[in-house]
Amino acid sequence: MRITVPATMPAWLNDRYGTASGTAQDAVPTPQPGPGEVLLRVRATALNAADVHLMQGDPLLLRPMFGLRRPKQPIRGNDVAGAIVAVGADVDESRIGEEVVVELDGGGGLAPFAVARADRLVARPAKVAPEIAATVPISGGTAVQALDVALVEAGQRVLVLGASGGVGTFAVQLATLRGAEVWATCGEANRELVESLGATRTFDYRTTDAASIPSSFDAIIDIAGDLPLRRLRRLLTPTGVIAMVGGEGGRVLGPIPRMLRAMFLSIGSRRSIRMVMAVANREINEQLVALAAEGRVAPVIEQVLPWDAAVDGLARLESGRTVGKVVVLGRE
Ligand SMILES: NC(=O)c1ccc[n+]([C@@H]2O[C@H](COP(=O)([O-])OP(=O)(O)OC[C@H]3O[C@@H](n4cnc5c(N)ncnc54)[C@H](OP(=O)(O)O)[C@@H]3O)[C@@H](O)[C@H]2O)c1
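Since the model is a prediction, treat every value here as computed from it, not as a measurement. (Residues numbered from 1 in each chain as written. Predicted model: local features only at pLDDT ≥ 70, side-chain atom pairs only at ≥ 80, totals over all residues. Heavy atoms only, no water.)

Colleague: Hey, could you run me through empty space enclosed by the protein in this one?
Modeller: Under the defined criterion, the tally for this structure stands at one cavity of 30 Å³ or more. Its boundaries defined by the atoms lining it, the largest cavity holds a volume of some 30 Å³. If you trace the largest cavity, you find it lined by Tyr-17, His-53, Leu-54, Gly-57, Asp-58, Leu-62, Arg-63 and Phe-66. Considering only residue class, the lining of the largest cavity consists of four nonpolar, two polar and two charged. (1 Å grid on protein atoms, 1.4 Å probe; cavity = no way out; pocket = protein on both sides within 12 Å on 5 of 7 lines; lining within 4 Å. Points joined across faces, edges and corners; volume = space filled by probe spheres on them. Nonpolar A, V, L, I, M, F, W, Y, C, P; charged D, E, K, R; others polar.)

Structure representation (structure tokens):
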């Protein structure tokens, strides 16, 4: 499919750090693919907690990297399903027309066109709709990398803290698929959902102190990140592992103090606490898309929003109440 790419495009911009309500549509130059890159016609963009952090410039520690006063890249959205409409130098022109899914670098997805790295592209099979494929890279990829960090395997008992969000809904399904017995925390309203994804026991985090759950675990996937590590560690078997995924932390340093505490607590202990620093991984995304195509993993999607409602999607993520994923469809 060859199309004429316009010189400018309307995009959702957050020109300044702030809340979702400060995000507005405006015209910007259509990006050009450089060497090793492609230009995608965006079909769907899934939102992530990372979009909220970048939108708010939070924690402040990140601002030197992402823009001191305003975001260097003002367009949010990292996880994109789309069609290749142009290629940069070094990329075969025959790829134009391919339907793909990809994690972008630092945003750009809430726009009709977005530039992506060719070496990250995963083919999207026709049976996996764009709004489903787009959910995979960050949430699914983080869940896989967290399970790997925690060495989760068949026969183990795993506790997923924060099981109802984007990462958690993948983590429960993928740990179950590995043959682990999954216990999980989530809000009361989401217990049934989380159990339908494979968890054998669930606990309402508002009424149950997870640190007092009466069992021990080979692995804890800590996505919520709000309980003292010292207490969580007591839930581990003697060689168990905590994989630290999430948690908001302070306004300035974010998760750094918790990471330092984890390092300190791990000294001389067989029970380890390990950071998950998920990175874009093409092989993992390829496996996840294949699992979705086979129906072995079913991404949980709370809302698929039309392009014009993208700001509502960002506001929903900002609320921290998302059940599974929020996806914004590409502009018609
Ligand atoms: N380390 C990494 O590489 C990496 C990668 C991706 C994401 N993350 C981090 O992982 C965290 C989760 O990301 P996400 O995309 O899954 O977020 P999300 O989709 O926004 O998570 C929202 C869900 O979390 C539930 N929740 C909130 N507080 C909870 C608690 N204390 N205990 C149990 N459940 C709780 C909410 O349930 P209720 O509505 O019932 O409150 C809601 O369903 C974020 O902090 C994100 O920054 C880290």
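Colleague: Please clarify how helix 5 (residues 166-177) should be interpreted in this entry.
Modeller: Counting along an α-helix, one turn takes 3.6 residues, and residues three or four places apart therefore face a common direction. An ideal rise of 1.5 Å per residue puts 16 Å on twelve residues; helix 5 measures up with 17 Å between its terminal C-alpha atoms. Most of helix 5 is tucked away: ten of the twelve residues are buried. Turning to helix 5, its buried residues number three or more, namely Gly-166, Val-167, Gly-168, Thr-169, Phe-170, Ala-171, Val-172, Gln-173, Leu-174 and Ala-175. Of the residues trailing helix 5, Gly-179 is marked for its positive phi of about 95 degrees. (Helix = DSSP H or I, 4+ residues; strand = E, 2+ residues; numbered from the N terminus. Expected span 1.5 Å × (residues − 1). Buried < 20%, exposed > 50% of the residue type's maximum accessible area, 1.4 Å probe, protein only.)

Colleague: Just to check I follow, could you spell out the nonpolar core for this structure?
Modeller: The tendency in soluble globular proteins is for nonpolar side chains to be buried side by side. Counting 46 residues, the largest nonpolar core has Val-152, Val-160, Val-172, Leu-174 and Ile-221 as the members making the most contacts within it. The set of elements that each furnish at least two residues to this core consists of strand 3 (37-46), helix 4 (136-149), strand 8 (157-161), helix 5, strand 9 (181-186), strand 11 (217-222), strand 12 (236-244) and helix 9 (282-294). In this structure, Ile-221 is in contact with Ala-146, Leu-147, Ala-150, Val-152, Val-158, Leu-159, Val-160, Leu-161, Ala-243 and Val-245, ignoring residues within four places of it in sequence. In this structure, Leu-13, Val-28, Ala-111 and Val-311 belong to the second largest nonpolar core, which totals 25 residues. (Core = buried A, V, L, I, M, F, W, Y, C linked by side-chain atoms within 4.5 Å. Contact = heavy atoms within 4.5 Å.)

Colleague: I would appreciate a short explanation of the environment of Pro-255 in the present structure.
Modeller: The topology assignment puts Pro-255 in the loop between strand 12 and helix 8 (256-266). In this structure Pro-255 comes out as partly exposed when scored by relative accessible area, which is 35%. Residues Pro-255 and Gly-225, 30 residues apart in the sequence, show an inter-C-alpha distance of 9.1 Å.

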